[in-house]
Amino acid sequence: YVRKTLAEQRQDEIAAEKQSATIAVAVDNAEVLKYPEGVVEDYMAQQIDYVRYYATTYGMSYEDFVSAALGMDTAAYEAEVRKSAEQSVKEELVIWAIAEAENFTISEERRAEELKSLLAYYDYEDLASMCEAYGFSEDYMNRTMTYSIYYVDVMDMLVENATFKGAK
């Protein structure tokens, strides 16, 4: 049982490593001519708000928390957050571009299955009530779900068509 479990875990790790390596190559070889307006800033705001939340949890100011927990001043931290946000947005743009270039489509059956899984996971009966509870628009959730499906399909295609050297 232990040998089987460890072997399955290692296979999952290998699959994740392959995905990480292939998307890294795709992103590294892509050039973003212009980031969509406000998207990088939205990513940054989410991360900074998360840190602000933790700061208040510990009864600290944002500045003091960043200094104590991360060992840098807020300017340096926010510069790091910007780089991370740009990388995340770039990856998302690459996924969308590959899906478009490869003419990926999503059947209504698959979309319905994904929606059913999403609603079951968050324990909601319908998309409207889930969106209302979380403060998201249905358009946003549909776009997010579409991206998630494309992400899986693009990653499968990239891994399937990649050559891994030195892999064990």
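Residues numbered from 1 in each chain as written. Predicted model: local features only at pLDDT ≥ 70, side-chain atom pairs only at ≥ 80, totals over all residues. Heavy atoms only, no water.

Right, let's get into the overall build of the chain. Scanning the chain from terminus to terminus reveals seven helices and zero strands. Traced from its N-terminal end to its C-terminal end, the chain shows the element sequence α-α-α-α-α-α-α. For the chain, whose C-alpha radius of gyration is 20 Å, the value lies well above the compact-globule estimate of 15 Å for 168 residues. The C-alpha extent of the chain, read off along each of the three principal axes, is 50 × 45 × 45 Å. Put simply, the chain has 168 residues, and 23% of those count as buried. In the chain, of all internal contacts separated by at least 6 residues, the share reaching a separation of at least 24 is 68%. Distance from the positive charge centre (15 side chains) to the negative charge centre (33 side chains) of the chain: 10 Å. (Helix = DSSP H or I, 4+ residues; strand = E, 2+ residues; numbered from the N terminus. Rg over C-alpha atoms; globule rule 2.2 N^0.38 Å. Buried < 20%, exposed > 50% of the residue type's maximum accessible area, 1.4 Å probe, protein only. Contact = heavy atoms within 4.5 Å. Lys, Arg positive; Asp, Glu negative; His and termini not counted. Charge placed at Lys NZ, Arg CZ, Asp CG, Glu CD.)

Overall, the coordinates contain seven salt bridges when judged by the stated rule. Ionic pairing is found between E17 and R10, a salt bridge with its closest N-O pair at 3.3 Å. Judged by relative accessible area, which is 35%, R10 ranks as partly exposed. Among the ionic pairs, R82 bridges to E86, the shortest N-O distance being 3.8 Å. Of this pair, R82 and E86 both sit in helix 4 (residues 74-101), separated by four residues, roughly a single helical turn. When salt bridges with common partners are traced through the structure, they connect R10, E13 and E17 into a single cluster. (Salt bridge = Lys/Arg side-chain N within 4 Å of Asp/Glu carboxyl O.)

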